[in-house]
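Chain and residue survey
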Amino acid sequence: QVQLVESGGGLVQTGGSLRLSCAASERTFNNYHLGWFRQAPGMDRQFVATINWSGGGTYYAGSVKGRFTISRDNAKNTVYLQMNSLKPEDTAVYYCAARSWGSHLYVQAVEYRYWGQGTQVTVSS
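Residues numbered from 1 in each chain as written. Predicted model: local features only at pLDDT ≥ 70, side-chain atom pairs only at ≥ 80, totals over all residues. Heavy atoms only, no water.

**Some words on the overall build of the protein**
If you tally the helices and strands in the protein, you get zero helices and eleven strands. Its helices and strands taken in sequence order, the protein reads β-β-β-β-β-β-β-β-β-β-β from the N to the C terminus. By the compact-globule yardstick of 14 Å for 125 residues, the protein fits well, its C-alpha radius of gyration being 13 Å. Its C-alpha atoms put the protein at 40 × 25 × 25 Å along the principal axes. Sorting the 125 residues of the protein into buried and exposed places 45% on the buried side. Within the protein, counting contacts between residues at least 6 apart in sequence, those at least 24 apart form 59% of the total. Across the protein, the mean location of the 11 positive side-chain charges is 4 Å away from that of the 7 negative side-chain charges. (Helix = DSSP H or I, 4+ residues; strand = E, 2+ residues; numbered from the N terminus. Rg over C-alpha atoms; globule rule 2.2 N^0.38 Å. Buried < 20%, exposed > 50% of the residue type's maximum accessible area, 1.4 Å probe, protein only. Contact = heavy atoms within 4.5 Å. Lys, Arg positive; Asp, Glu negative; His and termini not counted. Charge placed at Lys NZ, Arg CZ, Asp CG, Glu CD.)

**Thoughts on the state of the cysteines**
Evaluation of the coordinates by the stated rule reveals one disulfide. Between the sulfur atoms of cysteine 22 and its disulfide partner cysteine 96 the distance amounts to 1.9 Å. In this structure the cystine formed by cysteine 22 and cysteine 96 twists about its S-S bond by roughly 40°; its chirality is therefore right-handed. Of this pair, cysteine 22 sits in strand β3 (residues 18-24) while cysteine 96 sits in strand β9 (residues 92-99); the two residues are 74 residues apart in sequence, bridging distant segments of the chain. (Disulfide = S-S within 2.5 Å.)

**What to know about the nonpolar core**
In terms of nonpolar packing, the biggest core is built from 35 residues, with Trp36, Leu81, Met83 and Tyr94 touching the most fellow members. Within the residue set of this core, elements represented by two or more residues are β3, β4 (33-39), β5 (46-51), β7 (68-73), β8 (78-83), β9 and β11 (119-124). Looking at this core, the element that brings in the most residues is β9, giving five residues. For leucine 81, the residues in contact, after removing those within four places along its chain, are Leu18, Arg19, Leu20, Trp36, Val48, Ala49, Phe68, Thr69, Ile70 and Tyr94. (Core = buried A, V, L, I, M, F, W, Y, C linked by side-chain atoms within 4.5 Å.)

**Digging into the pattern of salt bridges**
With the rule as written, the count across this model stands at two salt bridges. Here aspartate 90 makes a salt bridge to arginine 38, at a shortest N to O gap of 2.9 Å. In this pair, aspartate 90 is assigned in the loop between β8 and β9 and arginine 38 in strand β4, connecting sequence segments 52 residues apart. Classification of aspartate 90 as buried rests on a relative accessible area of 0%. Here arginine 38 falls in the buried class, since its relative accessible area comes to 6%. (Salt bridge = Lys/Arg side-chain N within 4 Å of Asp/Glu carboxyl O.)

The following block contains the structure:
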């Protein structure tokens, strides 16, 4: 059972930056594909970014491409989401997710087995 704990959310003005972190309890962290999703009130959970087990493959939602960067540090069992040029429409609860096998970049929430509790990101206009 992998436990994921997000941190780094908060309130920021339009154009600002935040870095989210997600720490995992699993010793074999480098076997897991990881993703970031977000959910705004009244909306479905939305894919944001994903990174494969090695960190050599990443994929982004079109709405964040060029502004957000996903990365991982397998030595620290942590995945990051650097968010720049934030917009009010980025306001949501952000979740990290993990899956333990596969060879693709996964963008559907149902493809992930483990989830964190979420961290709130609010971008003021």
